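What follows is each chain in one-letter form.
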Amino acid sequence: MDQKKRITPARPLSPAVSQAAQLLLYLGSQPGTDMTLTRICEAVGIHKSKGYSILNSLSEYGFVVRDEISKTYSLGPAVIPLGARAIDNLDIHAAARGHLQALADETAGTVLLGIVSNDRFYVVGKYDGNAMVSLTIRQNQCFHITHGAHGKAIVAAMDDETREKILTSQPLHFYGENTRADRARLEAEFVRCRENGYAVDNESMTPGIRAVAAPVFDHKNTVFAGVVLAGMFGQDEIPAMGEKVAAMGRWISRQAGASI
């Protein structure tokens, strides 16, 4: 992921603060434990000496932790209360918690609420309805905006210009990490999503797991979030599951001020 492309300055910025933010975002987006100084700086695109000084400064405040044995870096404990406060400040999440858990319980699936930011989908709420089966997705985890069912639901709800920018960018992850996006297939799915209110991933992302997702709109009727329901339900159950998640998406949208 090229963190340099995440921000397009519209006003004067502090280069050091911008680079620190890029380092933190990169560490937060990587699940691995081999985050060496060289790998981090190459990915972000800054000189090692600069990256080293910034990481040292962040470690002083607990935002980054350095393993002295492996010489690798990871996010530190200071980001935990910040993330929790950010989630608490998302009114739609606070308002929807009980409804999302009820949907998970009713369907015996896993329900996710995610917020769209730049080219990422950030999971701000995860609710499991089956104690025996749970997806290995963490709250606060992020995915590419085009990832699977939520990607199709969100991109289908965008205006034509924004959708075209997404579709002409790389990479795309609608059908997995190593598959090419079939434009005709995608357009057909976008049409169905707009008609039905939900998009489907039929085991493309994870064998044995199906997912349905619906967009969430803000007071400007602009898509800014998504609801995902995933589980081991049968293919014949997709329409019923889809209608449930579409209804949830509409309810949360109304709570956010959308007129849909």
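Rules used in this analysis
- Residues numbered from 1 in each chain as written.
- Predicted model: local features only at pLDDT ≥ 70, side-chain atom pairs only at ≥ 80, totals over all residues.
- Heavy atoms only, no water.
- Salt bridge = Lys/Arg side-chain N within 4 Å of Asp/Glu carboxyl O.
- Helix = DSSP H or I, 4+ residues; strand = E, 2+ residues; numbered from the N terminus.
- Buried < 20%, exposed > 50% of the residue type's maximum accessible area, 1.4 Å probe, protein only.
- Contact = heavy atoms within 4.5 Å.
- Expected span 1.5 Å × (residues − 1).
- Pairing = 2+ DSSP bridges.
- pLDDT = per-residue confidence, 0-100.
- Core = buried A, V, L, I, M, F, W, Y, C linked by side-chain atoms within 4.5 Å.
- Axes fitted to C-alpha atoms, helices over the stretch in contact; angles between N-to-C directions.
- Parallel < 35°, antiparallel > 145°, perpendicular 65-115°, else oblique.
- Nonpolar A, V, L, I, M, F, W, Y, C, P; charged D, E, K, R; others polar.

> Any chance you could explain the pattern of salt bridges here in plain terms?
Pairing of side chains with opposite charge becomes possible as their charged atoms draw close. In this structure the tally under the stated criterion is twelve salt bridges. E68 is the salt-bridge partner of R66, the closest N and O atoms lying 2.7 Å from each other. Between E189 and R185 there is a salt bridge, with its nearest N and O atoms 3.6 Å apart. With E189 and R185 both in helix α8 (residues 183-196) and four residues apart, this pair spans about one turn of that helix. Within this structure, R66, E68 and K71 form a network of salt bridges that share partners.

> I tried to follow unusual backbone geometry on my own but got confused; where do I start?
Of all residues except glycine, most have a negative phi; of all peptide bonds, most are trans. Even without being glycine, K71 reaches a positive phi, approximately 60°. Tracing the backbone shows K71 in the loop between β1 (64-67) and β2 (72-75). Looking at K71, the relative accessible area reads 42%, which means it is partly exposed. A positive phi angle, near 55°, is found at N118, a position not held by glycine. On the secondary structure map, N118 appears in the loop between β3 (110-117) and β4 (120-128).

> How should the environment of Q101 be read in this particular structure?
Its place among the elements puts Q101 in helix α5 (residues 91-107). For Q101, a relative accessible area of 26% translates into the label partly exposed. Spatially, the C-alpha atom of Q101 lies 7.5 Å from that of V111, the residues being ten residues apart in sequence. Non-local contacts of Q101, meaning those with residues more than four positions away in its chain, are made with Y127 and D128.

> Hey, could you run me through helix α1 (residues 15-29) in this one?
An α-helix turns once per 3.6 residues; consequently, residues spaced three or four apart project the same way. Its 15 residues place the ends of α1 21 Å apart at the C-alpha level, agreeing with the 21 Å of an ideal helix rising 1.5 Å per residue. Among all positions in α1, only S18, Q19, A20, Q22, L23, Y26, L27 and S29 are buried.

> Got a minute to help me understand the pairing of strand β7 (residues 210-217) in this structure?
Looking down a regular strand, the side chains alternate between one sheet face and the other. Judged by how many residues are buried, β7 sits mostly within the fold: eight of eight residues are covered. Judged by which residues are buried, β7 turns out to be covered on both faces: R210, V212, A214 and V216 on one side and A211, A213, P215 and F217 on the other are all buried. Sheet topology places β7 next to strand β8 (residues 223-231); eight bridges connect them, and they run antiparallel. When the sheet's bridge partners are listed, V212 is paired in β8 with L229. The hairpin formed by β7 and β8 contains five residues between the paired strands, and N221 there has a positive phi angle of roughly 60°.

> Help me understand the confidence of the model for the chain, please; the structure alone is not making it clear to me.
Atom-level detail of predicted coordinates should not be read off regions where pLDDT is low. Per-residue confidence for the chain averages 86 on the pLDDT scale, and 88% of its residues sit at or above 70. Taking the mean pLDDT of every element in the chain, the minimum, 70, falls on helix α4 (residues 79-88) and the maximum, 96, on β7. In the model, residues 1-9 has pLDDT below 50 throughout and makes 21 contacts with residues more than four positions away in sequence or in other chains.

> Before we go on, may I ask you to explain the nonpolar core in this structure?
Nonpolar side chains in soluble globular proteins tend to be buried together. By size, the foremost hydrophobic cluster in this structure holds 30 residues, and its most contacted members are V155, M158, F174 and F190. Of all the secondary structure elements, the ones that give two or more residues to this core are β4, α6 (148-156), α7 (160-167), α8, β7 and β8. With five residues, the top contributor of residues to this core is α6. Counting 24 residues, the second largest nonpolar core, distinct from the first, contains V124, Y198, V212 and A214.

> Where do I start with the packing of α6 against α8 in this structure?
Two measures define how a pair of helices packs: the angle their axes make with one another and the distance between the axes. Contact geometry of α6 with α8 gives a least axis separation of 9 Å together with a crossing angle of 75°. Between α6 and α8, the interaxial angle falls into the category roughly perpendicular. From α6, K152, A153, V155 and A156 reach across to α8, where they touch L186, E189, F190, C193 and R194. For the contact of α6 with α8, the class distribution of residues is six nonpolar, no polar and three charged.

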